[in-house]
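Structure assessment
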Amino acid sequence: MATYTIRYADRARSVKQSLSAEQRTSLEALEKRLAGNPYGHGAQSNRDNSWSAAFTGGVITYIVSNRHLVINVIAVVGY
(Lines give C-alpha, C1' and ligand atoms only; values in the text may rest on other atoms or scores of the structure.)
Protein backbone atom coordinates (compact mmCIF):
# COMPACT_ATOMS: atom_id res chain seq x y z
CA MET A 1 0.00 0.00 0.00
CA ALA A 2 1.19 3.51 -0.80
CA THR A 3 2.29 5.88 1.93
CA TYR A 4 0.50 9.23 2.19
CA THR A 5 2.37 12.51 2.67
CA ILE A 6 1.10 14.61 5.57
CA ARG A 7 0.94 18.39 5.16
CA TYR A 8 -0.08 20.91 7.82
CA ALA A 9 -1.95 24.16 7.24
CA ASP A 10 -0.11 27.14 8.78
CA ARG A 11 -2.27 27.42 11.91
CA ALA A 12 -2.27 23.66 12.47
CA ARG A 13 1.54 23.61 12.15
CA SER A 14 1.80 26.42 14.70
CA VAL A 15 -0.39 24.58 17.20
CA LYS A 16 1.56 21.35 16.62
CA GLN A 17 4.81 23.17 17.46
CA SER A 18 3.32 24.47 20.72
CA LEU A 19 2.24 21.02 21.99
CA SER A 20 3.99 19.44 24.95
CA ALA A 21 6.66 16.80 24.29
CA GLU A 22 4.25 14.01 25.27
CA GLN A 23 1.56 15.33 22.92
CA ARG A 24 4.01 15.73 20.02
CA THR A 25 5.30 12.18 20.51
CA SER A 26 1.74 10.85 20.47
CA LEU A 27 0.86 12.95 17.41
CA GLU A 28 3.95 11.68 15.57
CA ALA A 29 2.89 8.08 16.27
CA LEU A 30 -0.60 8.90 14.93
CA GLU A 31 0.95 10.45 11.81
CA LYS A 32 2.81 7.20 11.10
CA ARG A 33 -0.40 5.20 11.37
CA LEU A 34 -2.35 7.68 9.21
CA ALA A 35 0.35 7.72 6.52
CA GLY A 36 -0.28 4.02 5.97
CA ASN A 37 -4.06 4.14 6.23
CA PRO A 38 -5.77 7.51 6.74
CA TYR A 39 -9.19 5.86 7.01
CA GLY A 40 -8.42 3.23 9.63
CA HIS A 41 -7.56 5.49 12.56
CA GLY A 42 -10.10 8.29 12.43
CA ALA A 43 -13.77 9.11 12.20
CA GLN A 44 -15.40 10.74 9.18
CA SER A 45 -17.51 13.84 9.67
CA ASN A 46 -21.20 13.60 8.80
CA ARG A 47 -21.13 17.23 7.57
CA ASP A 48 -18.26 17.25 5.11
CA ASN A 49 -15.37 15.18 3.76
CA SER A 50 -13.11 15.72 6.77
CA TRP A 51 -11.81 13.15 9.23
CA SER A 52 -10.77 13.46 12.87
CA ALA A 53 -8.34 11.37 14.86
CA ALA A 54 -7.30 11.61 18.51
CA PHE A 55 -3.86 11.50 20.02
CA THR A 56 -2.84 11.80 23.68
CA GLY A 57 -4.05 15.22 24.75
CA GLY A 58 -5.54 16.36 21.46
CA VAL A 59 -7.24 15.79 18.14
CA ILE A 60 -6.51 16.59 14.51
CA THR A 61 -8.91 17.27 11.66
CA TYR A 62 -7.75 16.30 8.18
CA ILE A 63 -8.79 15.92 4.55
CA VAL A 64 -7.53 13.01 2.41
CA SER A 65 -6.57 13.35 -1.25
CA ASN A 66 -6.35 9.91 -2.84
CA ARG A 67 -5.35 11.37 -6.17
CA HIS A 68 -2.14 12.84 -4.75
CA LEU A 69 -1.73 10.57 -1.69
CA VAL A 70 -1.77 13.56 0.64
CA ILE A 71 -3.31 14.09 4.05
CA ASN A 72 -3.93 17.80 4.67
CA VAL A 73 -4.18 18.55 8.38
CA ILE A 74 -6.41 21.59 8.71
CA ALA A 75 -6.67 21.78 12.50
CA VAL A 76 -4.85 20.61 15.61
CA VAL A 77 -6.44 21.02 19.03
CA GLY A 78 -4.53 20.24 22.18
CA TYR A 79 -6.31 19.92 25.50
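Summarised in this report is the structure supplied together with it. (Residues numbered from 1 in each chain as written. Predicted model: local features only at pLDDT ≥ 70, side-chain atom pairs only at ≥ 80, totals over all residues. Heavy atoms only, no water.)

**Remarks on the pattern of salt bridges**
Scanning all chains against the criterion turns up two salt bridges. Close ionic contact of K16 with E31 constitutes a salt bridge, the shortest N to O distance being 2.9 Å. A residue pair is termed long-range when its members are at least 10 positions apart, and K16 in helix α1 (residues 10-18) and E31 in helix α2 (residues 21-36) qualify at 15 residues. Assessed through its relative accessible area of 13%, E31 is described here as buried. (Salt bridge = Lys/Arg side-chain N within 4 Å of Asp/Glu carboxyl O. Helix = DSSP H or I, 4+ residues; strand = E, 2+ residues; numbered from the N terminus. Buried < 20%, exposed > 50% of the residue type's maximum accessible area, 1.4 Å probe, protein only.)

**Observations concerning the sheet that holds strand β4 (residues 58-65)**
The strand order across the open sheet formed by five strands is β1-β5-β4-β3-β2, and the pairing between neighbours is mixed. The sheet is open, and its two edges are formed by β1 (5-8) and β2 (43-44), each paired on a single side. Taken together, the four bridges between β1 and strand β5 (residues 70-78) define a ladder with parallel strand orientation. Residue R7 lies in a different strand from β5, and its bridge partner there is N72. Of the strands in this sheet, β1 and β5 are in contact with α1, which crosses β5 at around 50°. Along the sheet, α2 contacts β1, β3 (51-55), β4 and β5; its crossing angle with β3, the most-contacted strand, is approximately 135°. (Pairing = 2+ DSSP bridges. Contact = heavy atoms within 4.5 Å. Axes fitted to C-alpha atoms, helices over the stretch in contact; angles between N-to-C directions.)

**Looking at α2**
An ideal rise of 1.5 Å per residue puts 22 Å on 16 residues; α2 measures up with 23 Å between its terminal C-alpha atoms. Of all the residues in α2, the buried ones are Q23, S26, L27, L30, E31, L34 and A35. Looking at the buried side of α2, the elements it contacts are β1, α1, β3, β4 and β5. (Expected span 1.5 Å × (residues − 1).)

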